[in-house]
Amino acid sequence: MDWWVSMPKVELHAHLNGSIRDSTLMELARELGNRGLVHFPDVERVILKHDRSLTEVFKMFDLIHILTTDHETVTRITKEVIEDFAAENVVYLELRTTPKKNVSKGMNKKSYMEAVLEGLRAVSTVEVDIFSEPNFDCPASAAIYARNNECASNGTGKKKIYVRLLLSIDRRETTEAAMETVKLALEMRHLGVVGIDLSGNPIIGEWLTFLPALEFAKEQGLLITLHCGEVHLASLVCPAFFSVTP
Ligand SMILES: CNc1ncnc2c1ncn2[C@@H]1O[C@H](COP(=O)(O)O)[C@@H](O)[C@H]1O
């Protein structure tokens, strides 16, 4: 195993829908293609393209969101993403995702997050710990070679990954929708949710739209992460972000 793979790692910036396996995206696209809902060759081209511009990145996310609209798929990608990070010896993962509504699939923000939690429970290659304080006192290698090691989790012989969740507010959302996400995060605090993220296309939306929800989150003790500075114009409002001291 390459040393950089075997080295225990902390991943603090993973977007669920930005971490899906290409093979899964292709499979989902092919299924929708077979049902006539997308034109598979076009989707395939987008998925396999490298060196995307920022605009193309956000078009890609719109496409991915078309492929991952139902609860089962959200559960599947969550499971796979955790297993993939664990396979690369990530021992602590902060996974962020935007709770979504999709009336045609009977999905609301809460049921979306329940599907994510179901994905955490479905992970089989590694023990997922969303509750306990991370303990990195065990030798780093214990996280990797947990078998027969007293640092191994509950005698399962599996290595362990600590996972914490952040709920993202998409810059396309309204103040009310942002507030709904914060309230959901508060409701799910005992389930590994530690914070709120503001993300999405930086040229869309106004900082003031999200401020009430972010201030409320902060008052309630949630941690906050903010995407800022990806494009020059949007960078100009970054100093305002520090009023909520992420
Ligand atoms: C390039 N840098 C970035 N800047 C800003 N937002 C980003 C991002 N990369 C990803 N996202 C945000 O994460 C969503 C996908 O994951 P989820 O559907 O939430 O799981 C994107 O739609 C976007 O809102």
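Residues numbered from 1 in each chain as written. Predicted model: local features only at pLDDT ≥ 70, side-chain atom pairs only at ≥ 80, totals over all residues. Heavy atoms only, no water.

Some points on the site of the ligand
Not every one of the 14 residues close to the ligand is listed here, only the nearest: His65, Thr97, Thr98, Lys100 and Glu230. Between the ligand and His15 there is a distance of 2.9 Å, counted from an oxygen atom to a side-chain nitrogen or oxygen. Within the side chain of Thr97, one N or O atom sits 2.6 Å away from an oxygen atom of the ligand. For the shell around the ligand, the element with the highest residue contribution is helix H4 (residues 54-67), accounting for 3 residues. Classifying every residue of the shell around the ligand gives 3 nonpolar, 8 polar and 3 charged. (Near = heavy atom within 4 Å. Polar contact = N/O pair within 3.5 Å; in protein donor to acceptor, adjacent residues only side chain to side chain. Helix = DSSP H or I, 4+ residues; strand = E, 2+ residues; numbered from the N terminus. Nonpolar A, V, L, I, M, F, W, Y, C, P; charged D, E, K, R; others polar.)

A few points about the environment of Leu37
Its location among the elements puts Leu37 in the loop between helix H2 (22-34) and helix H3 (40-48). For Leu37, a relative accessible area of 55% puts it in the exposed group. Put simply, Leu37 and Glu219 are 182 residues apart on the chain and 44 Å apart in space, counted from C-alpha to C-alpha. (Buried < 20%, exposed > 50% of the residue type's maximum accessible area, 1.4 Å probe, protein only.)

Side note on the UniProt feature "domain: Adenosine deaminase" (unreviewed entry) in the protein
The sites that UniProt annotates as "domain: Adenosine deaminase" (unreviewed entry) are residues 8-122 and 155-238. Taken end to end, residues 8-122 is 58% helix and 13% strand, and its two terminal C-alpha atoms sit 23 Å from one another. (UniProt positions renumbered as here; feature names shortened; annotations may be inferred.)

Structural notes on the packing of aromatic side chains
Using the criterion set out here, one finds 1 aromatic pair in the structure. Both rings, one in Phe58 and one in Phe61, keep their centres 6.1 Å apart while their planes meet at 55 degrees; by these two values the pair is tilted. With Phe58 and Phe61 both in helix H4 and 3 residues apart, this pair spans about one turn of that helix. On the accessibility criterion, Phe58 (16% relative accessible area) is buried. Judged by relative accessible area, which is 22%, Phe61 ranks as partly exposed. (Phe/Tyr/Trp six-rings, centres within 6.5 Å; stacked < 30°, edge-to-face > 60°.)

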